[in-house]
Structure formats: C-alpha cells, structure tokens
Amino acid sequence: MRFGVTYANSGPGADPEHAVALAHLAEEAGFDSLWTVEHAVIPAGFGSSYPYSRDGRLPGGEDVPIPDPLVWLAFVAAATVRIRLATGILILPQRNPVLLAKETATLDVLSGGRLILGVGAGWLREEFDALGVPWPDRGARTEEYVMALRALWTETEPTFSGRFLSFTKAKSYPKPVRPGGIPVVVGGHSEAAARRAGRVGDGFFPAVSDADEVARLVGIARASAREAGRDPDALEVTCGTPRDPDSVARLADLGVARLTTSGVGEIDSLRAKFDRFRERVMDRVG
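Residues numbered from 1 in each chain as written. Predicted model: local features only at pLDDT ≥ 70, side-chain atom pairs only at ≥ 80, totals over all residues. Heavy atoms only, no water.

(A) Quick peek at the pairing of strand β1 (residues 2-6). A large share of β1 lies buried, amounting to four of its five residues. In terms of strand pairing, β1 meets strand β10 (residues 258-262) through five bridges, oriented parallel. Residue pairing in the sheet places V5 in a bridge with T261 of β10. In terms of strand pairing, β1 meets strand β2 (residues 33-36) through two bridges, oriented parallel. Paired with G4 across the bridge in β2 is S33. A crossover connection joins β1 to the parallel β2 through helix α1 (residues 16-29); in handedness this β-α-β unit is right-handed. (Buried < 20%, exposed > 50% of the residue type's maximum accessible area, 1.4 Å probe, protein only. Helix = DSSP H or I, 4+ residues; strand = E, 2+ residues; numbered from the N terminus. Pairing = 2+ DSSP bridges. Right-handed = clockwise from strand over helix to strand, strands pointing away.)

Take a look at the structure:
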C-alpha cells in the first residue's frame, strides 16, 4: 500500500517556502504523492453545501488561499525528485480540455512522468456561474473531457467528436512520459462519481474514509467498470485514512491501494503528525 498527503496547496501551502518544506518532509517520511485541491473562485456567501463538512461550509473559510494546483505542482516538481504530483481534485468541466492536455503533458514531462490527474465534477454551483460554465451537464462534460484528454495525449493526429468538444488532427506535443497518457483518478463521494470512475477512470478517490462507505462506493465503481467492458481490478483506489486500525486493515483487504492524510499545518506539527501516521498506519499495512 502507498500513502499520500492531501490539501497540500491550501492554507499554509500557498507560501513557497512552506510548499517546498512540505514536499521534502513528505518525501522523507515515505509518502508517495502530494494531492492538491482547486477553486478558481469562491463566491462570497455561497449557498451551495460543501459535502465534506457537517456544517456545509469550507474548512478555513472563504478566504483560505488555494493556489492553482498545476502551477503549484510545477513549482514543487522543481524541488523534488521522487514524490508523485497529483490533483485531488481538479474541477475538470471548468477547464478547456485542449489547453489542459498541453499543460498537463508539459508538467508530466518536466517532472519525469510524476503527474496524476485527479478530476471531479465540482460541487460549488456559484463558482460555475462565475466562470460561465453550465452547471447541469458538468458530469457529462467531465466524462467527455477525459476521453478528449486521452486522445490528445496518445494520438499522433488527435481527432475527437463529442457533445461539447470536437477537433480534427489537432497535434499536441509534448506527449506525456507514459505511453498510455497521464493516469486519471476520478474523485467524489456520490454513486454517480463511483460509476464515472468505473467507466472512464484509471483510479477512484472516494472522498470518504468510513470503511463501509468506501466498500459500497468501490463496489459500485467496479461494477460500472465491468459493465463498460473494463477490468474492475485495474481501478486503483485511493481514500482517506480511518481512525480505527481494524478499518485500516479492512480497506487493505478491499484492495485500496493508497491511504491519505491531510497536509494542512505548520511544518513542525506535520513532522510529528507524519511520525504518528507511520507508527499507526504505514508500519502496519505498508
């Protein structure tokens, strides 16, 4: 099993010295990946409910710094040699996939093939409104954009025709380091996200840590993969770390490939936290 650090670019991670220190600390502590979050804007007083907190509000408030994940990862890539660089997640329907294919392939090449593209459909409707992106079809856009990205990453003369996007012989270079393109991890807490991961994802990041709920969502994702004619066992699962050691062992038995812990905090406190994580989790299931 592998281990990742989430929320790496939020809050204190916006500071360049902190970002590099966190990346070095994570590498030294044995984590395989850094995971970044994304919001282009957070409209003041938004009415949408944040799905990962009890009160429906963003941790840290509306003014928490959230640097662009790809720019942040490029900065950190230059200061590291091993750790994988992941978006967890990038809000794919808000992006232009043709431009994104170029940006991500460039980052993958410059980092020596270390990029993981975690994507999601988004939850903050007011952000979509600010960007002029239609809210109702964000799930369909997400799936179509994944397919377009793969065409641009892998084909010599990429041609694609979809509901939202079309291009013909649109050459895009450089190509990612890995022949199959950049791994795409579909994130989300819903059944729709799980089904989407099964249909188009290389991985699934259910945004929960409860073992029962992870098992349920992973089951849906794997069933969706089988229905799509894909190998359900090839779907790499990443999830948060439960507090109960027995639940950690159960996730390992479910085939979860990576457990994560938050990287928000000052470096000294994170160093102590990562030491405890190694004793409680890494040394037991790693």
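(B) Examining the packing of α1 against helix α2 (residues 69-77) more closely. In the contact formed by α1 and α2, the axes pass within 10 Å of each other and the chain directions differ by 65°. Considering the relative orientation of α1 and α2, their crossing is right-handed. Seen from α1, the contacting residues are P16, A19, V20 and A23; seen from α2, they are W72, F75 and V76. Looking at the contact of α1 with α2 residue by residue, the classes come out as seven nonpolar, no polar and no charged. (Axes fitted to C-alpha atoms, helices over the stretch in contact; angles between N-to-C directions. Left-handed = near helix turned anticlockwise from the far one by under 90°. Contact = heavy atoms within 4.5 Å. Nonpolar A, V, L, I, M, F, W, Y, C, P; charged D, E, K, R; others polar.)

(C) Layout of the pattern of salt bridges. The full count for this structure, using the stated rule, is 20 salt bridges. With a shortest N-O distance of 2.4 Å, R95 and E38 are connected by a salt bridge. Note that R95 is positioned in the loop between β3 (84-91) and α3 (97-110) and E38 in the loop between β2 and α2, a separation of 57 residues in sequence. Just as R95 is buried, E38 falls in that class too. E236 is paired through a salt bridge with R258; the nearest N and O atoms lie 3.3 Å apart. Taken as a pair, E236 in strand β9 (residues 236-240) and R258 in strand β10 lie far apart in primary sequence, 22 residues in all. Within the structure, one salt-bridge network assembled from shared partners comprises R2, D32, E236 and R258. (Salt bridge = Lys/Arg side-chain N within 4 Å of Asp/Glu carboxyl O.)

(D) Structural context of helix α9 (residues 267-285). For α9, which comprises 19 residues, the first-to-last C-alpha distance of 25 Å matches the rise-based estimate of 27 Å (1.5 Å per residue) to within 8%. Along α9, the largest kink reaches about 45° and is centred on R278. All of the buried residues in α9 are I267, L270, F274, F277, V281, M282 and V285. In this structure, the buried side of α9 is in contact with β1, α1, α8 (245-253) and β10. (Expected span 1.5 Å × (residues − 1). Bend = angle between axes of the 7 residues up to and from the residue.)

(E) Layout of the environment of D108. Within the secondary structure, D108 sits in helix α3. In this structure, D108 is in contact with G113, R114, L115, P176, V177, R178 and I182, ignoring residues within four places of it in sequence. Looking at D108, its side chain comes within polar contact range of the main-chain nitrogen of R114, at 3.5 Å. Here the side chain of D108 touches L115 through a polar contact of 3.2 Å, landing on its backbone nitrogen. (Polar contact = N/O pair within 3.5 Å; in protein donor to acceptor, adjacent residues only side chain to side chain.)

(F) Up close: the side chain of S48. Summarising the element assignment, S48 is placed in the loop between β2 and α2. Classification of S48 by relative accessible area gives buried; the value is 12%. Among the polar contacts listed, one links the side chain of S48 to the backbone nitrogen of R125, at a separation of 3.2 Å. Separated by 2.6 Å, the side chains of S48 and E126 make a polar contact.

(G) Structural view of the nonpolar core. Among the nonpolar cores identified, the biggest contains 62 residues, and F31 and L34 are the most heavily contacted of them. Discounting chain neighbours no more than four positions away, the residues touching F31 are F3, G4, V5, A26, R82, I83, T261, F274, F277 and M282. By size, the runner-up hydrophobic cluster in this structure holds nine residues, among which are I42, F46, Y50 and L58. (Core = buried A, V, L, I, M, F, W, Y, C linked by side-chain atoms within 4.5 Å.)

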